[in-house]
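Chains, contacts and geometry: an overview
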Amino acid sequence: MGLKIFIGFILFYLSSITYLTLFEKKFVKKDLFNKNEIPLIEFKDIKNFHIDKKGVDTIIKAKEALRFQDHDEIRDVNILTFQRGKKESLKAKQANYKNDIIYLYGNIQYENEEGLKLFSNKMVYKLKEKILSSQTPFTLISKKAKIEGDSFVYNRQKGIIKALKIKAIIKETKKL
(Lines give C-alpha, C1' and ligand atoms only; values in the text may rest on other atoms or scores of the structure.)
Protein backbone atom coordinates (compact mmCIF):
# COMPACT_ATOMS: atom_id res chain seq x y z
CA MET A 1 0.00 0.00 0.00
CA GLY A 2 2.80 2.39 0.94
CA LEU A 3 4.59 1.58 -2.32
CA LYS A 4 1.47 2.48 -4.38
CA ILE A 5 1.20 5.87 -2.60
CA PHE A 6 4.90 6.54 -3.15
CA ILE A 7 4.69 5.64 -6.88
CA GLY A 8 1.50 7.78 -7.21
CA PHE A 9 3.31 10.71 -5.58
CA ILE A 10 6.32 10.31 -7.95
CA LEU A 11 4.02 10.16 -11.02
CA PHE A 12 2.12 13.24 -9.83
CA TYR A 13 5.42 15.09 -9.24
CA LEU A 14 6.80 14.18 -12.72
CA SER A 15 3.56 15.13 -14.49
CA SER A 16 3.47 18.49 -12.64
CA ILE A 17 7.04 19.27 -13.66
CA THR A 18 6.28 18.31 -17.28
CA TYR A 19 3.14 20.47 -17.37
CA LEU A 20 4.88 23.49 -15.85
CA THR A 21 7.85 23.29 -18.23
CA LEU A 22 5.62 22.96 -21.30
CA PHE A 23 3.32 25.83 -20.31
CA GLU A 24 5.73 28.07 -18.40
CA LYS A 25 4.60 31.21 -20.27
CA LYS A 26 1.27 31.03 -18.47
CA PHE A 27 3.05 31.18 -15.14
CA VAL A 28 5.39 34.13 -15.65
CA LYS A 29 6.46 35.39 -12.28
CA LYS A 30 5.48 39.03 -11.86
CA ASP A 31 7.16 41.34 -9.39
CA LEU A 32 4.16 42.79 -7.57
CA PHE A 33 6.28 45.27 -5.67
CA ASN A 34 7.91 46.95 -8.69
CA LYS A 35 8.17 50.61 -7.67
CA ASN A 36 7.53 51.80 -11.23
CA GLU A 37 4.24 49.97 -11.65
CA ILE A 38 2.30 50.03 -8.40
CA PRO A 39 1.79 53.33 -6.57
CA LEU A 40 1.94 53.57 -2.80
CA ILE A 41 -1.23 55.64 -2.82
CA GLU A 42 -3.67 56.84 -5.47
CA PHE A 43 -6.00 59.85 -5.45
CA LYS A 44 -8.87 60.67 -7.84
CA ASP A 45 -10.39 64.10 -8.60
CA ILE A 46 -8.22 66.01 -6.15
CA LYS A 47 -8.02 69.62 -4.98
CA ASN A 48 -5.02 70.61 -2.91
CA PHE A 49 -4.80 74.00 -1.20
CA HIS A 50 -1.55 75.48 0.12
CA ILE A 51 -2.31 78.03 2.83
CA ASP A 52 0.15 80.38 4.52
CA LYS A 53 -0.24 83.35 6.89
CA LYS A 54 -1.68 85.54 4.14
CA GLY A 55 -4.21 82.95 2.91
CA VAL A 56 -4.40 80.51 0.02
CA ASP A 57 -1.38 80.88 -2.27
CA THR A 58 -1.63 77.71 -4.41
CA ILE A 59 -4.49 75.52 -5.60
CA ILE A 60 -3.76 72.28 -7.41
CA LYS A 61 -6.54 70.42 -9.19
CA ALA A 62 -6.07 67.06 -10.93
CA LYS A 63 -8.04 64.09 -12.21
CA GLU A 64 -5.59 61.60 -10.71
CA ALA A 65 -2.44 61.62 -8.58
CA LEU A 66 -0.19 58.64 -7.93
CA ARG A 67 2.46 58.59 -5.22
CA PHE A 68 5.41 56.27 -5.79
CA GLN A 69 8.44 55.63 -3.60
CA ASP A 70 10.58 58.31 -5.27
CA HIS A 71 8.19 60.53 -7.28
CA ASP A 72 4.59 61.60 -7.88
CA GLU A 73 2.62 61.40 -11.14
CA ILE A 74 -0.31 63.74 -11.69
CA ARG A 75 -2.73 63.58 -14.62
CA ASP A 76 -4.80 66.46 -16.06
CA VAL A 77 -3.26 68.96 -13.67
CA ASN A 78 -4.17 72.64 -13.20
CA ILE A 79 -1.98 74.68 -10.83
CA LEU A 80 -3.15 78.16 -9.78
CA THR A 81 -0.83 80.40 -7.76
CA PHE A 82 -1.59 83.72 -6.07
CA GLN A 83 1.82 85.01 -5.04
CA ARG A 84 2.86 88.63 -4.59
CA GLY A 85 -0.62 89.68 -5.64
CA LYS A 86 -0.28 88.01 -9.06
CA LYS A 87 -2.34 85.14 -10.40
CA GLU A 88 -0.67 82.46 -12.52
CA SER A 89 -2.00 79.27 -14.10
CA LEU A 90 -0.14 76.16 -15.30
CA LYS A 91 -2.02 73.30 -17.00
CA ALA A 92 -0.79 70.00 -18.45
CA LYS A 93 -2.00 66.53 -19.37
CA GLN A 94 0.62 64.97 -17.08
CA ALA A 95 3.13 66.14 -14.50
CA ASN A 96 5.83 64.16 -12.71
CA TYR A 97 7.15 65.64 -9.47
CA LYS A 98 10.56 64.65 -8.10
CA ASN A 99 13.12 66.54 -5.98
CA ASP A 100 11.35 69.94 -6.22
CA ILE A 101 11.19 69.70 -10.02
CA ILE A 102 7.97 69.29 -12.00
CA TYR A 103 8.26 67.62 -15.41
CA LEU A 104 5.23 68.55 -17.53
CA TYR A 105 3.98 66.70 -20.62
CA GLY A 106 1.20 67.20 -23.15
CA ASN A 107 -0.71 70.34 -24.11
CA ILE A 108 0.98 72.58 -21.55
CA GLN A 109 -0.36 76.10 -21.00
CA TYR A 110 1.18 78.73 -18.73
CA GLU A 111 -0.63 82.03 -18.24
CA ASN A 112 -0.19 85.01 -15.93
CA GLU A 113 -2.25 88.11 -15.13
CA GLU A 114 -0.02 90.33 -17.24
CA GLY A 115 -1.24 88.60 -20.40
CA LEU A 116 1.77 86.32 -20.96
CA LYS A 117 0.83 82.90 -22.34
CA LEU A 118 3.24 80.03 -23.05
CA PHE A 119 2.35 76.83 -24.91
CA SER A 120 4.49 73.71 -25.41
CA ASN A 121 4.37 69.92 -25.21
CA LYS A 122 7.18 69.44 -22.69
CA MET A 123 8.33 71.78 -19.92
CA VAL A 124 10.39 71.62 -16.75
CA TYR A 125 9.56 73.77 -13.75
CA LYS A 126 12.20 74.14 -11.02
CA LEU A 127 10.20 75.15 -7.97
CA LYS A 128 12.98 76.59 -5.78
CA GLU A 129 14.51 78.69 -8.55
CA LYS A 130 11.06 79.52 -10.05
CA ILE A 131 12.36 78.75 -13.54
CA LEU A 132 10.14 77.34 -16.28
CA SER A 133 11.91 75.95 -19.35
CA SER A 134 11.38 73.88 -22.47
CA GLN A 135 13.74 72.25 -24.96
CA THR A 136 10.87 71.68 -27.40
CA PRO A 137 9.09 74.09 -29.77
CA PHE A 138 6.93 76.66 -28.00
CA THR A 139 4.59 79.57 -28.61
CA LEU A 140 4.59 82.70 -26.48
CA ILE A 141 1.76 85.21 -26.73
CA SER A 142 1.79 88.57 -24.97
CA LYS A 143 -0.09 91.84 -25.42
CA LYS A 144 2.62 93.10 -27.78
CA ALA A 145 3.93 90.00 -29.56
CA LYS A 146 3.51 86.44 -30.73
CA ILE A 147 6.75 84.46 -30.64
CA GLU A 148 7.49 80.92 -31.77
CA GLY A 149 10.81 79.24 -31.07
CA ASP A 150 12.77 76.05 -30.44
CA SER A 151 13.40 76.42 -26.69
CA PHE A 152 13.11 78.90 -23.83
CA VAL A 153 13.98 79.60 -20.20
CA TYR A 154 11.61 81.81 -18.19
CA ASN A 155 12.75 83.16 -14.82
CA ARG A 156 9.45 83.94 -13.08
CA GLN A 157 11.06 85.96 -10.27
CA LYS A 158 12.89 88.32 -12.62
CA GLY A 159 10.31 88.21 -15.42
CA ILE A 160 13.03 87.43 -17.98
CA ILE A 161 12.52 85.08 -20.92
CA LYS A 162 15.43 83.79 -22.99
CA ALA A 163 14.62 81.88 -26.18
CA LEU A 164 16.46 80.30 -29.12
CA LYS A 165 15.65 80.33 -32.84
CA ILE A 166 12.58 82.50 -32.63
CA LYS A 167 10.13 83.96 -35.12
CA ALA A 168 8.29 86.97 -33.75
CA ILE A 169 5.35 89.10 -34.78
CA ILE A 170 5.49 92.34 -32.81
CA LYS A 171 2.55 94.73 -32.58
CA GLU A 172 3.39 98.37 -32.86
CA THR A 173 1.57 100.44 -30.26
CA LYS A 174 2.47 103.97 -31.36
CA LYS A 175 3.66 105.17 -34.72
CA LEU A 176 6.59 107.57 -34.81
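Since the model is a prediction, treat every value here as computed from it, not as a measurement.

Once that is clear, we can look at the overall build of the chain. Of regular secondary structure, the chain possesses one helix and 12 strands. Overall, the chain shows an N-to-C arrangement of helices and strands of α-β-β-β-β-β-β-β-β-β-β-β-β. Counting over 176 residues, the chain shows a buried share of 29%. By element, 58% of the accessible surface of the chain is carried by carbon and sulfur atoms, the whole surface being about 13500 Å².

Here strand E10 (residues 151-155) pairs with strand E11 (residues 160-164) via five bridges, running antiparallel. By the bridge assignment for E11, Val-153 is matched with Lys-162. As consecutive antiparallel partners, E10 and E11 are separated by four residues, and within that stretch Gly-159 has a phi angle of approximately 70 degrees, a positive value.

Another aspect to go through is the pattern of salt bridges. What the rule picks out here adds up to 11 salt bridges. For Glu-64, the salt bridge goes to Lys-44, with nearest N and O atoms at 3.0 Å. Taken together, the positions of Glu-64 in strand E2 (residues 55-67) and Lys-44 in strand E1 (residues 41-52) put the pair 20 residues apart, joining distant regions of the chain. Residue classification places Glu-64 among the buried positions, given a relative accessible area of 16%. For Lys-44, a relative accessible area of 54% translates into the label exposed.

So, about the layout of surface pockets. Taken as a whole, the largest pocket holds about 760 Å³ of empty space. Looking at the lining of the largest pocket, the elements that each hand over two or more residues are E1, E2, strand E3 (72-83), strand E4 (86-98) and strand E5 (101-112). Along the lines of polarity and charge, the residues of the lining of the largest pocket split into 17 nonpolar, six polar and six charged. Forming the walls of the second largest pocket are 12 residues, and the residues nearest its centre are Asn-112, Glu-114, Tyr-154, Arg-156 and Gly-159.

So, about unusual backbone geometry. A positive phi is found at Lys-130, a non-glycine position, where the angle reads about 55 degrees. Here Lys-130 shows up in the loop between strand E6 (117-126) and strand E7 (131-134). Judged by relative accessible area, which is 19%, Lys-130 ranks as buried. Residues other than glycine seldom take positive phi values, yet Lys-165 does so here, at roughly 50 degrees. Mapped onto the fold, Lys-165 is located in the loop between E11 and strand E12 (167-170). Among the residues examined, Lys-165 registers a relative accessible area of 70% and is labelled exposed.

Looking at the chain, pLDDT values average 81 and 76% of them are 70 or higher. Ranking the helices and strands of the chain by mean pLDDT puts E6 first, with 93, and helix H1 (residues 2-22) last, with 60. When the criterion is pLDDT under 50, residues 24-35 qualifies, and its contacts beyond four places in sequence or with other chains add up to five contacts.

With respect to the element layout, Thr-81 can be found in strand E3. Given a relative accessible area of 12%, Thr-81 falls into the buried group. Excluding residues that lie within four positions of it along the chain, Thr-81 makes contacts with Asp-57, Thr-58, Lys-86, Lys-87, Glu-88 and Arg-156.

This structure, assessed with the given rule, holds two aromatic pairs. With a centroid separation of 5.7 Å and an interplanar angle of 65 degrees, the aromatic rings of Tyr-110 and Tyr-154 are classed as edge-to-face. One end of the pair, Tyr-110, is in strand E5; the other, Tyr-154, is in strand E10, and 44 residues separate them in sequence.

Rules and cut-offs
Residues numbered from 1 in each chain as written. Predicted model: local features only at pLDDT ≥ 70, side-chain atom pairs only at ≥ 80, totals over all residues. Heavy atoms only, no water. Helix = DSSP H or I, 4+ residues; strand = E, 2+ residues; numbered from the N terminus. Buried < 20%, exposed > 50% of the residue type's maximum accessible area, 1.4 Å probe, protein only. Areas by Shrake-Rupley, 256 points an atom, 1.4 Å probe, with all protein chains shown as cover. Pairing = 2+ DSSP bridges. Salt bridge = Lys/Arg side-chain N within 4 Å of Asp/Glu carboxyl O. 1 Å grid on protein atoms, 1.4 Å probe; cavity = no way out; pocket = protein on both sides within 12 Å on 5 of 7 lines; lining within 4 Å. Points joined across faces, edges and corners; volume = space filled by probe spheres on them. Nonpolar A, V, L, I, M, F, W, Y, C, P; charged D, E, K, R; others polar. pLDDT = per-residue confidence, 0-100. Contact = heavy atoms within 4.5 Å. Phe/Tyr/Trp six-rings, centres within 6.5 Å; stacked < 30°, edge-to-face > 60°.

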